[in-house]
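# Examining the three-dimensional arrangement
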Amino acid sequence: MSRKTALITGSVSGIGLGIAEAFAEKGYNIVFNGLEKDGASIAARVAERYQVNHFFSDANMLEPESLRGLVRQCVDCFGGIDVLINNAGIQHVSPVESFPEDKWNAIININLNAVFHLTKAAWPYMKERRFGRIINIASAHGLFASEYKSAYVAAKHGVVGFTKTVALEGAGLNITCNAICPGYVKTALVEKQIADLVESRQLSEKEAIDDVLLKKQAVKEFVPVKLIADMALFLASDNAAAITGIALPIDGGWSAQ
Ligand code: NAD
């Protein structure tokens, strides 16, 4: 059993929660984060189930100083940071012509800028120990575009570019940096898109899923959270030491087209 420490942003919901559970099962100390009101109790339940050390932080991805504080808190509590998983993210769907500027700024700040701030803050500790695993949950939208998702696609493409750059800088330091690019996963983020499609385009839920969301995936099923979590675990392992700078699709064949 490992006693390494993983800081996972947005880890009391959806994909992040699945990743936190997978790392907890392997004995990692877990730093949970997210804005859910019941975040602390969700985190405590997972930690209790797997008997791991943990703390929960509601540090907001919009506040760089809070993110620096989160990394300091992680180091004070567990002596370092071995794995940083930048997962927190939001979505907003709108034509570019009417895309609200506050939504644009929030998406770029949460989905992209926070990845930079946390990586920068964690870097000296990883460098000092000559070990680090940075895993960015990008998206198939880090590789491909879809209409009406300009901010999200821009942010996720930015994350993929940032991942490659950080991989090059970490190469001599045993710090790897990789991006996972999931297709559609049925989480709160996607449930909202389904509800919005049902309302705005007068579609049934099945039509919204089959004809809009899963249209680009060859496999017409949502990607299970566990597949992403298991891949994150592998990328954090010693066996993945030579894998760095990749943007790995787990997208049901979306990228095969
Ligand atoms: P989710 O809504 O279930 O979880 C998002 C998490 O991020 C929550 O814990 C939320 O509190 C947190 N978060 C949001 N804004 C925050 C902020 N300002 N400060 C701190 N935490 C904040 O969504 P999800 O689908 O699990 O998404 C997780 C990641 O996976 C996102 O980066 C998303 O872009 C990416 N992704 C999702 C899908 C999908 O289909 N669901 C596909 C590809 C990529």
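Quick note: structure is the one above.
In what follows, the accompanying structure is described.

Each value, and the rule that gives it
Residues numbered from 1 in each chain as written. Predicted model: local features only at pLDDT ≥ 70, side-chain atom pairs only at ≥ 80, totals over all residues. Heavy atoms only, no water. Helix = DSSP H or I, 4+ residues; strand = E, 2+ residues; numbered from the N terminus. Rg over C-alpha atoms; globule rule 2.2 N^0.38 Å. Contact = heavy atoms within 4.5 Å. Areas by Shrake-Rupley, 256 points an atom, 1.4 Å probe, with all protein chains shown as cover. Pairing = 2+ DSSP bridges. Axes fitted to C-alpha atoms, helices over the stretch in contact; angles between N-to-C directions. Near = heavy atom within 4 Å. Polar contact = N/O pair within 3.5 Å; in protein donor to acceptor, adjacent residues only side chain to side chain. Expected span 1.5 Å × (residues − 1). Buried < 20%, exposed > 50% of the residue type's maximum accessible area, 1.4 Å probe, protein only. Parallel < 35°, antiparallel > 145°, perpendicular 65-115°, else oblique. Nonpolar A, V, L, I, M, F, W, Y, C, P; charged D, E, K, R; others polar.

## Topic: the overall build of the protein chain
The helix and strand tally for the protein chain stands at eight helices and seven strands. Here the C-alpha atoms of the protein chain give a radius of gyration of 18 Å, agreeing with the 18 Å that 2.2 N^0.38 yields for 257 residues. Judged by the C-alpha coordinates and their principal axes, the protein chain covers about 55 × 40 × 35 Å. Considering only intrachain contacts with a sequence separation of at least 6, the fraction spanning at least 24 residues in the protein chain is 71%. Surface summary for the protein chain: the accessible area is close to 11900 Å², and the carbon and sulfur share equals 54%.

## What about the sheet that holds strand β1 (residues 5-8)?
With parallel pairing, seven strands are arranged side by side in an open sheet as β3-β2-β1-β4-β5-β6-β7. The open sheet is flanked by β3 (54-57) and β7 (247-250), the only strands paired with a single partner. Here the strands of the sheet are splayed against their neighbours by 15 degrees on average, with no regard to which way each runs. Most of the contacts of helix α5 (residues 150-170) go to strand β6 (residues 175-182), to which it runs at about 160 degrees, and overall it touches β5 (132-137), β6 and β7.

## A look at the site of the ligand
Looking at the ligand, there are 29 residues lining it, with Ser13, Asn87, Tyr152, Val185 and Thr187 nearest. Between Met61 and the ligand, the recorded distance is 2.9 Å, taken from a backbone N or O atom to a nitrogen atom. Lys156 has a polar side-chain atom sitting 2.9 Å from an oxygen atom of the ligand. If the ligand stood free it would expose 830 Å²; the protein chains cover 94% of that surface. Elements with a contribution of two residues or more to the shell around the ligand: α1 (14-25), α5 and α6 (188-200). If one sorts the elements of the shell around the ligand by residue count, α6 sits on top with three residues.

## Comments concerning α1
For α1, spanning twelve residues, the distance from its first C-alpha to its last is 17 Å, which sits close to the expected 16 Å at 1.5 Å a residue. Of all twelve residues in α1, nine are buried; the element is thus mostly enclosed. Buried within α1 are the following residues: Ile15, Gly16, Leu17, Gly18, Ile19, Ala20, Ala22, Phe23 and Ala24. Where the residues of α1 are buried, they touch β1, β2 (29-33), α2 (39-50), β4 (83-86), β5 and α8 (225-236). With its phi angle positive at about 90 degrees, Gly27 sits one or two positions after the end of α1.

## Some thoughts on the packing of α6 against helix α7 (residues 205-213)
Following both chains from N to C, one finds α6 and α7 inclined at 105 degrees, their axes separated by 9 Å at the closest point. In terms of their interaxial angle, α6 and α7 are classed as roughly perpendicular. Contacts between α6 and α7 involve Val190, Gln193, Ile194, Leu197 and Val198 from the former and Glu205, Ala208, Ile209, Val212 and Leu213 from the latter. Residue composition of the contact of α6 with α7, by class: eight nonpolar, one polar and one charged.

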